[in-house]
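# Report on the structure
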Amino acid sequence: MDMTVLLFSLLAIVALWGTVEARVRRIDRRAAHLERKVDLLLEHLGVQDAGPAELSEVEVLLRKGKKIQAIKLYREITGADLVEAKAAVERLEA
């Protein structure tokens, strides 16, 4: 391969990499910004963000066929209303 073509290809790859890297950084900043907004909304509404460990108890109840208890526990953990809790538990069930 001609050295000029090789050098041009390398420069193009470096430029493309820089563009992709900059875009990923922008997306990361935007995601962090949106996460902060969601956290503020949850705090304002008095809703707790349930972590995976807490929701595992809900999943255990679902596996045992105790859907109503799972919905009750989900409501206790998250502060969600009955409709939200039922929908969330049904998503976990699917």
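Refer to the structure above for everything that follows.
Keep in mind it's a predicted model, so treat the numbers as computed, not measured. (Residues numbered from 1 in each chain as written. Predicted model: local features only at pLDDT ≥ 70, side-chain atom pairs only at ≥ 80, totals over all residues. Heavy atoms only, no water.)

A few words on the nonpolar core. Core analysis: the largest hydrophobic core is formed by 13 residues, its most contacted members being Val-58, Ala-70, Leu-73, Tyr-74, Ala-85 and Val-89. Top element by residues in this core is helix α3 (residues 67–78). It accounts for 5 residues. When neighbours within four sequence positions are excluded, Ala-70 is seen to be in contact with Val-58, Leu-61, Leu-62 and Val-89. (Core = buried A, V, L, I, M, F, W, Y, C linked by side-chain atoms within 4.5 Å. Buried < 20%, exposed > 50% of the residue type's maximum accessible area, 1.4 Å probe, protein only. Helix = DSSP H or I, 4+ residues; strand = E, 2+ residues; numbered from the N terminus. Contact = heavy atoms within 4.5 Å.)

A separate point is helix α4 (residues 82–93). In a regular helix each residue adds 1.5 Å, so 12 residues correspond to 16 Å; α4 covers 16 Å between its end C-alpha atoms and thus fits that length. Listed in full, the buried residues belonging to α4 are Ala-85, Ala-88 and Val-89. Viewed end-on, α4 has its buried residues packed into an arc of 95 degrees, placing them on one side of the element. What points out from α4, more than 90 degrees from its buried face, is the exposed set Val-83 and Arg-91. A side-chain oxygen of the first residue of α4 lies 3.1 Å from the backbone nitrogen of Val-83; this N-cap is Asp-81. (Expected span 1.5 Å × (residues − 1). Arc of directions from axis to C-beta. Polar contact = N/O pair within 3.5 Å; in protein donor to acceptor, adjacent residues only side chain to side chain.)

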